[in-house]
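Letter by letter, the chains look like this.
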Amino acid sequence: GRDCELSCASFGRIMRPDDANIAGNVHGGTILKMIEEAGAIISTRHCNSQAGEPCVAALARVERTDFLSPMCIGEVANVSAEITYTSRHSVEVQVNVMSENILTGAKKVTNKATLWYVPLSLKNVNKVLEVPPIQYARKEQEDEGKKRYEEQKLDRLETKQRNGDVILPVINPEPHTVGYSQSSLIHLVGPSDCTLLGFVHGGVTMKLMDEVAGIVAARHCKTNIVTASVDAINFHEKIKKGCVITVSGRMTFTSNKSMEIEVFVDADPFVDEPRERYRAVSAFFTYVSLSKEGKPLPVPQLLTETEDEKRRFEEGKGRYLQTKAKRQAQMQQAAQ
Amino acid sequence: GRDCELSCASFGRIMRPDDANIAGNVHGGTILKMIEEAGAIISTRHCNSQAGEPCVAALARVERTDFLSPMCIGEVANVSAEITYTSRHSVEVQVNVMSENILTGAKKVTNKATLWYVPLSLKNVNKVLEVPPIQYARKEQEDEGKKRYEEQKLDRLETKQRNGDVILPVINPEPHTVGYSQSSLIHLVGPSDCTLLGFVHGGVTMKLMDEVAGIVAARHCKTNIVTASVDAINFHEKIKKGCVITVSGRMTFTSNKSMEIEVFVDADPFVDEPRERYRAVSAFFTYVSLSKEGKPLPVPQLLTETEDEKRRFEEGKGRYLQTKAKRQAQMQQAAQ
Amino acid sequence: GRDCELSCASFGRIMRPDDANIAGNVHGGTILKMIEEAGAIISTRHCNSQAGEPCVAALARVERTDFLSPMCIGEVANVSAEITYTSRHSVEVQVNVMSENILTGAKKVTNKATLWYVPLSLKNVNKVLEVPPIQYARKEQEDEGKKRYEEQKLDRLETKQRNGDVILPVINPEPHTVGYSQSSLIHLVGPSDCTLLGFVHGGVTMKLMDEVAGIVAARHCKTNIVTASVDAINFHEKIKKGCVITVSGRMTFTSNKSMEIEVFVDADPFVDEPRERYRAVSAFFTYVSLSKEGKPLPVPQLLTETEDEKRRFEEGKGRYLQTKAKRQAQMQQAAQ
């Protein structure tokens, strides 16, 4: 028999509301993440099973995976993994996922996935190490494994040569322009994002806004950046659970040591509602750039091109000077 | 004296690696989220303090907030909130945040924020309830609060009328076109996303890919959708901690009951590295649309416009027919 | 032999940066949460194993738990659970946790915990259902289980009558006093914190308790601290979704090398319910202080000021000496 301590592993977890969509179906992505975690554990364990250079197994490939039946909130996902083939430098792991309704005892196979891992040295991440061979119960198992190995190797080589396609091109590839750093993200509003009324917490919205604005700032100056201030934000429109929100940011103004970024939040109540996409919130965030020692760095000037960009730059300058004047007045008052 | 049980609250939380950027500075967004949570709790508690219709306080406005000093991983964020003014239908909350280095005992004020909340009925979310008045120690406190209230009210009215600007317009607003549903998100790679080698777990990448693909599918058919399968994915390029990754998806093909979505993951090692943005992974996800009873629904046909879109549709059709043929062969084999 | 499909379960998970403190030691609360999840799965599964009214197992009590060795980021936590006794209305679950370094293969026992669950009807949460009896391999197993059952029942009755104490803020406290290190946090109970019955998972509560106790301990000795043990915790009162919970901790006793912290959990069902804030759980946590090399450090003595503080210090000393005596007796027994 095989030593299952080494080459098998099984895991379970209760599915929570945050793992699922509003209809209660667990996201495919949640399941893929569990599958990969099981594969990473078992293959890293195997590759370190013989004394030698310590290594971490890195995912090289996932074979086509079907989602055979839906999994629901409250069910237990049982994930079991087994090493089914080893080549000199790679490990094939078979992962099976079963959903278990612990109230009825009903179990269903939801996925059968095959993953390939490669051991990378912990000391030198560019060095691929050798994989200790596994023992096969029958010679055919090894032969079939070798066939699968050759097939996937071919496919990997092919896709490596396939040319990169681009969906959303960078609007302006010139550094320091508005188009260069502008960024956006989408977020599916989950249950933990919402209050008892079923609307997104203002704090969740602000966190996403800061995330986008921070990326805009970092793209502009390519240094460590931190939030310096947020202008007043008004929350006119509520955002409901199940909406998709698009948070987008663009730089409007730079002073010597700061950047102003305008952020928009648009809500798309795309399921269950006749309403169109609407603007929920907008705000201005100000960032500063810091050196490794935490000292403020000069900020590259924003290059404005269109009339709108120039106008927004002037407006931003107005806000900047106003805030500066206000602060100086406060300091003089405090000094008296 | 005031009854602080009702109108004050204070608490602490340790800042974790995922709350911060790679330089160890806590994200402004993390702090804004804590501030808002404290404000929501204290104002909801206050608005329910007198017998009456139960309600939840919803954030209406945050005043301009400065980040006075950076907060770091391992420090304790001490958040204290106090109700400072009540009008008939709104509550003003003052929230102060202090960072505390529990190893040295050093404390610094990091934020002073002012938030306005409005109580909404739990039964009828469109009904704004009355706020129980607070007691002021001195008459001037009430007068100053009233002044702040009037000022913010004006500003809220103004921004409500300001016209909505758009950053990334929907590429094609015609329903069922490729441009209509295409979507993308950006994600800053945090420490908990990574293996011991400091590279993103494959499972984390796949979860984000499924998230974007699911939004594309839902935008296309505006129903509850679930992942049906994922084609083989090759992970040629590693993604390092601190990168920004852009995950974008576009629909390539629809059959009667399924949608194929192509997803790209691009990594942007924008801090600390000379390397340009690169394509890390791409894959095809297939989704089905489900009715409320969990039955498969017909999928609206994808409208292709450009030559590229038509070519990709045909390629998708090829993959679809090939998979279908393979499955039928397997079923016949199993039946024999 | 026993049918392990039904009465055993095992789970594994990689420890991430967010599961640990800045020294890389996994928080005791993270481990307690995993232990409770395993216990909840296995006992809910068992209680539903015979056709009958569907139910969810709710945590009633956790026996005193020692943290035998620290767990680190990157290690795999292997959690295995087994049902060891059933009374008419309760289930005893034994959960063992092992840390596994998948690079070296080294495994260490980190915890052995005993938990008691009670099955509550899914339809009527106030109805306790009957537990299907398990089969014992030997008669002595049943007798010993019955003895443990009677003992914990007595202890649960006792603590139910214990009076609720309150932690009040102290202005300008002196280092090493009780007031100096006392801490609290508030948490709004979200959907993912809750079981199918809509009540907070015991593990979620314990994780928050450990977080507060850890802050108290770190504030007192300003070093890296780790959880050494948790005294028995009784969960008399359920906490519903939508509640705000306040978790507060104060130091009660210090020995040369350890600190005892009392933690209270108060629930505030502030919306939707006429009920007042109530004490849901309380417990004693013990921490030790570690040097950078992981060696235990001396702990500064707690300065007690009020009569109550002095009394609690003496009570803590009593618990400390009792535990010490018990451990010495066990070691002598083991040595014979």
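Quick caveat: nothing in here was measured; it's all calculated off a predicted structure. (Residues numbered from 1 in each chain as written. Chains lettered and ligands numbered in written order. Predicted model: local features only at pLDDT ≥ 70, side-chain atom pairs only at ≥ 80, totals over all residues. Heavy atoms only, no water.)

### What about helix α5 (residues 202-221) of chain C?
Quick reminder: α-helices carry 3.6 residues per turn. Residues three or four places apart thus point the same way.
Residues and elements named next belong to chain C.
Argument step 1. Between the first and last C-alpha of α5 there are 29 Å, a value that for 20 residues agrees with the 28 Å anticipated at 1.5 Å per step.
Argument step 2. Judged by how many residues are buried, α5 sits mostly within the fold: 19 of 20 residues are covered.
Argument step 3. Taken from the residues just after α5, Lys-222 is the one with a positive phi, measuring 55°. (Helix = DSSP H or I, 4+ residues; strand = E, 2+ residues; numbered from the N terminus. Expected span 1.5 Å × (residues − 1). Buried < 20%, exposed > 50% of the residue type's maximum accessible area, 1.4 Å probe, protein only.)

### Comments concerning the relation of the copies chain A and chain B
Argument step 1. Its rotation angle being 180°, the transformation that places chain A on chain B also includes 0.0 Å of axial translation and leaves an RMSD of 0.2 Å. What the rotation and shift describe, once combined, is the action of a two-fold rotation axis. Among all residues of chain A, the minimum C-alpha distance to the rotation axis is found for Leu-185 of chain A, at 1.9 Å.
Argument step 2. The overlap is high: 100% of the interface residues of chain A also sit at the interface in chain B, so the same surface is used on both sides. (Least-squares fit on C-alpha atoms with pLDDT ≥ 70 in both. Contact = heavy atoms within 4.5 Å.)

### What about the pairing of strand β12 (residues 278-290) of chain C?
Residues in a regular strand project their side chains so that they alternate between the two faces of the sheet.
Residues and elements named next belong to chain C.
Argument step 1. Counting buried residues in β12 gives 10 out of 13 residues, a clear majority hidden from the surface.
Argument step 2. Looking at chain direction, strand β8 (residues 224-230) and β12 are connected through six bridges and run antiparallel. Residue pairing for β12: Thr-227 is matched across the bridge by Tyr-287.
Argument step 3. Looking at chain direction, strand β11 (residues 259-268) and β12 are connected through nine bridges and run antiparallel. Within the sheet, the bridge partner assigned to Glu-262 lies in β12 and is Phe-284. (Pairing = 2+ DSSP bridges.)

### What about the pattern of salt bridges?
One side chain can pair with another of opposite charge once the charged atoms of both are near each other.
Argument step 1. Under the definition given, this model contains 53 salt bridges over all chains.
Argument step 2. Notably, a salt bridge pairs Arg-88 of chain C with Glu-130 of chain C, separated by 2.8 Å at the nearest N-O pair. Here Glu-130 of chain C lies in the loop between β6 (107-121) and α3 (139-161) and Arg-88 of chain C lies in the loop between β4 (76-86) and β5 (91-100), a separation of 42 residues in the sequence.
Argument step 3. On the basis of relative accessibility, which here comes to 56%, the residue Arg-88 of chain C falls in the exposed class.
Argument step 4. Through salt bridges with shared partners, a single network forms among Arg-61, Glu-63 and Asp-155 of chain A. (Salt bridge = Lys/Arg side-chain N within 4 Å of Asp/Glu carboxyl O.)

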